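# Residue-level structural notes
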Amino acid sequence: MKKNMITGSKLWSIAMITSLLAACSSPATTSTTANAATSTTGTTKTVSVSEQTSVKYADLVSLDADDTNISWSEADSTAIKLNGTTATVTGSGAKAANGSVTISEAGTYVLSGELTDGQIVVNVADKGTVHLVLNGATIHDNDSAAIYIQKAGKAVITLEKGTKNTVSDGKTYVYADATTDEPDAAIFSKADLTFNGAGQLTVTGNYNEGITSKDDLKIISGNIRVKAADDGIKGKDMVAIQAGTITIEAEGDGIKSTNDTDTTRGYVAIAGGTFDIQSGNDGIQAETALVADGGTYNIVTGGGSANAPAKVEEGPFGGGGGGGWGGGTPPDGEPPADMPEMPTNSGTNAGANTNGAAASNSANTTTTTTTTTDNNADADTATTATESTSAKALKAGTDLTVNGGTYTIDSMDDSLHSNNNVTVNDGTFNIESGDDGIHADQALTINGGTITIAKSYEGLEGAIITLNDGDVDVTASDDGVNAAGGETETAANTAASTDSTTTTTDAATTSNISVTETTGTTSTTDQASQGTAANQQGRGPGGMGGAAASNNEFHINGGSLTVNAGGDGLDSNGSINMTGGTVIVNGPTDSGNGALDYDGTFEISGGYLVAAGSSGMAQGTSDASTQNTIVMTFPATQKAGTLVHVQDSEGNNILTFAPAKDYQTVVVSSPDLAKDGSYVIYSGGTSTGKAVDGLYTGGTYSGGTQVVAFQSTSNVTWVNESGVTTANTGMGGPGGGGGQGGFGGGRNRSQSGTTSDSTDTTDSAK
């Protein structure tokens, strides 16, 4: 279906943002890692994005004795022997009639044999616990659920060790009247439902779903295989999985929770297990929080990343924010070969939330493809949106927290996605995504783990992105890292927002499954003024001014980040701050994007940064940085793999780097660079050192051609083959997120390290 929707440059409701942020709390015992803060309107008003914390399975899930009970004896149970269309009951509490068995009392019931067309019904008036032991049972019902828990305090299904059990339904159900739509799964429960045991269970939901509980659904153990016409495994209030081997083939979602009316429910919590999920829609979807402590996951959604629709997004001249160019997501981080030189129409920003213009608390929000119908980039633009399938691998309506595990993901849509915050504390990820590798509508925080995003449209995306630790390797056809969305970004949209009041929420009324607290926060202030200054500095003759800098932020405090991007390497519609870690960027080869792209400031005080790419939109770090930077622009494009080597006057290595793609500009910032140091830059040659992601350490460099020798006179020194020069104020143009300038217009960026036009070169290395 088609619908009209209003979009701007990633315009979101301020009320939605503040409510999402204020509604987060977590247990006091969890460890915390400081994040950053975001402004609501681009003025001095701020709303905190508080410290990201770790919520775990045990914080959300409690088990009782019934959940883990797998024992039974013939003396203390009722035996139900299935035989074709009949059944024999030995013991009390159950009756067989008309091919079905009705259980009316709490107790233990052991099922074996085969029921070819009948139903196991549980209808216990006193709300007791019914323990069903599947001891080599095959149960099929042609026109309804094969196992139907109508009423009970709790139902526990034990898969007896060493047995194989099968439950299935028909493709058509017969209901009592037109208003009835339940049951609708091969195993359907209106009560809490738990699976345990060491046996095997195969469930085929031919009509709709495989396994459904209208309350809690817990899997303690077992080997469970589900094939479903729609969703595989579905619980309303929670889905909790402690262990087991789970294989799902579903036309809809693989595993999901559905309670969208109670913020303390509707979550998915996983302690461990082995998962093989192939789903037409989302792999694992939580209406509220999704928490994974561990496990091994192989998830394919929507036919995989190769099945993703092509991205067709055109960047405007002078505002709004261009980005993607169409042509899908090539795996090598290069833009499509047929990418045009310059855009001709305005369009939505590639850095914008690709799942709709507004944030949503519902995890059922579908992705949309938008076509701009109004070329006025300075105002809200009415667009026509066509709904499309949400096919994300891990998806949370509120917060997504990963504490560990091994994940192999091939998703048509985002691989990890949250409508609020994503926190990765640990884990190993191998990701191929048809859209974003990891996306958070609000805060994306990485505290550890090994993340390899081998294919994506944009690698990491969030309103505020923080890398505290871990090893991250991103390949993206558009931006590698994109701090965008989550707030008003353009001057026009800021002016249109009349409510700048910070909204607060009583912690007592917030969700007990969210993952933030309100201590130890920092805030970003008055970035609108930064954007204004940058606009004046970056404007060139004949250029059209872009949008003011937003309050998006990218923080790098530790870990390692390697980026290969066809669009911008590191892109922030606000600012970038780096205090530690190692960052390697292989940026774009076209001059419509840059290895570094920020609209506010890039302040670096620690760590090691090298970024190579085209020269047309090149940026360095900001003058306010306390760590020094060199920005070298070569007279011509250098071929991929050609070493660039920087050494000081004593021959000490500052940089030996082999970019993975053609490049003309290289940015390097190192604790070893001095503000008044003498340096020599070489091109070509060889190194005997060890190369990791193109960056050499140790060994000896030799055989290169000296390009320039110079004396650094600033903490950000721009250099070409003639010596020290001014910062790049080159032509603006199309590119990723944040309001591009027109021809000669530059971006709203703080070009740093400007000095006099040139200085005499020195060759102190000789």
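Residues numbered from 1 in each chain as written. Predicted model: local features only at pLDDT ≥ 70, side-chain atom pairs only at ≥ 80, totals over all residues. Heavy atoms only, no water.

### Thoughts on the overall build of the chain
Regarding its fold elements, the chain presents 5 helices and 63 strands. Burial statistics for the chain: of 766 residues in total, 60% are counted as buried. A separation threshold of at least 6 residues defines the contact pool for the chain, and within that pool the share at least 24 residues apart is 62%. Carbon and sulfur atoms form 46% of the exposed surface of the chain, whose accessible area is close to 26000 Å². (Helix = DSSP H or I, 4+ residues; strand = E, 2+ residues; numbered from the N terminus. Buried < 20%, exposed > 50% of the residue type's maximum accessible area, 1.4 Å probe, protein only. Contact = heavy atoms within 4.5 Å. Areas by Shrake-Rupley, 256 points an atom, 1.4 Å probe, with all protein chains shown as cover.)

### Some thoughts on the pattern of salt bridges
Tallied over the full model, the rule gives 11 salt bridges. Note that Arg265 and Asp237 form a salt bridge whose closest N and O atoms lie 3.7 Å from each other. A residue pair is termed long-range when its members are at least 10 positions apart, and Arg265 in the loop between strand 25 (255-257) and strand 26 (267-270) and Asp237 in the loop between strand 22 (233-235) and strand 23 (238-241) qualify at 28 residues. Overall, the relative accessible area of 10% leaves Asp237 in the buried class. Of the charged contacts, one joins Lys256 and Asp253 as a salt bridge, the two residues approaching to 3.0 Å between their closest N and O atoms. (Salt bridge = Lys/Arg side-chain N within 4 Å of Asp/Glu carboxyl O.)

### Some remarks on the packing of aromatic side chains
All chains considered together, the criterion is met by 11 aromatic pairs. Their ring planes at 65° and their centres at 6.5 Å tell us that Tyr175 and Tyr207 sit as a pair that is edge-to-face. Residue Tyr175 is found in the loop between strand 15 (164-169) and strand 16 (185-189), and its partner Tyr207 is found in the loop between strand 18 (200-205) and strand 19 (209-213); the two are separated by 32 residues along the sequence. Both rings, one in Phe634 and one in Tyr663, keep their centres 5.8 Å apart while their planes meet at 80°; by these two values the pair is edge-to-face. Of this pair, Phe634 sits in strand 52 (residues 629-638) while Tyr663 sits in strand 55 (residues 663-669), placing them 29 residues apart in sequence. You'll find Phe634 and Tyr663 in the same group, each marked buried. Of the aromatic side chains, those joined through ring pairs into one cluster are Phe275, Tyr297, Tyr407 and Phe429. (Phe/Tyr/Trp six-rings, centres within 6.5 Å; stacked < 30°, edge-to-face > 60°.)

### A word on the confidence of the model for the chain
For the chain, the mean per-residue pLDDT works out to 78, and 70% of the residues sit at or above 70. Note that pLDDT drops below 50 for residues 487-547; the model gives that stretch 171 contacts with residues more than four away or on any other chain. Counting interchain partners and residues more than four positions distant, the pLDDT-below-50 stretch residues 730-766 has 184 contacts. (pLDDT = per-residue confidence, 0-100.)

### Topic: the side chain of Ser678
Of note, Ser678 is situated in strand 56 (residues 678-683). A relative accessible area of 16% means that Ser678 is categorised as buried. Separated by 2.4 Å, the side chains of Ser678 and Gln711 make a polar contact. (Polar contact = N/O pair within 3.5 Å; in protein donor to acceptor, adjacent residues only side chain to side chain.)

### Quick notes on the pairing of strand 39 (residues 436-446)
By the criterion of burial, strand 39 is predominantly enclosed, with 11 of the 11 residues buried. Sheet topology note: the strand 37 (residues 421-424)/strand 39 ladder contains 3 bridges and is parallel. Residue Val424 lies in a different strand from strand 39, and its bridge partner there is Ile446. In the sheet, strand 39 pairs with strand 41 (residues 458-467) via 8 bridges, with the strands oriented parallel. Paired with Asp436 across the two strands is Glu458, which belongs to strand 41. (Pairing = 2+ DSSP bridges.)

### Considerations on the environment of Ile681
Of note, Ile681 is situated in strand 56. Classification of Ile681 as buried rests on a relative accessible area of 0%. Sequence spacing of Ile681 and Val708 is 27 residues, and the spatial spacing of their C-alpha atoms is 5.5 Å. Excluding anything up to four places from it in sequence, Ile681 contacts Ile630, Met632, Phe634, Val644, His645, Val646, Thr705, Gln706, Val707, Val708 and Phe710.

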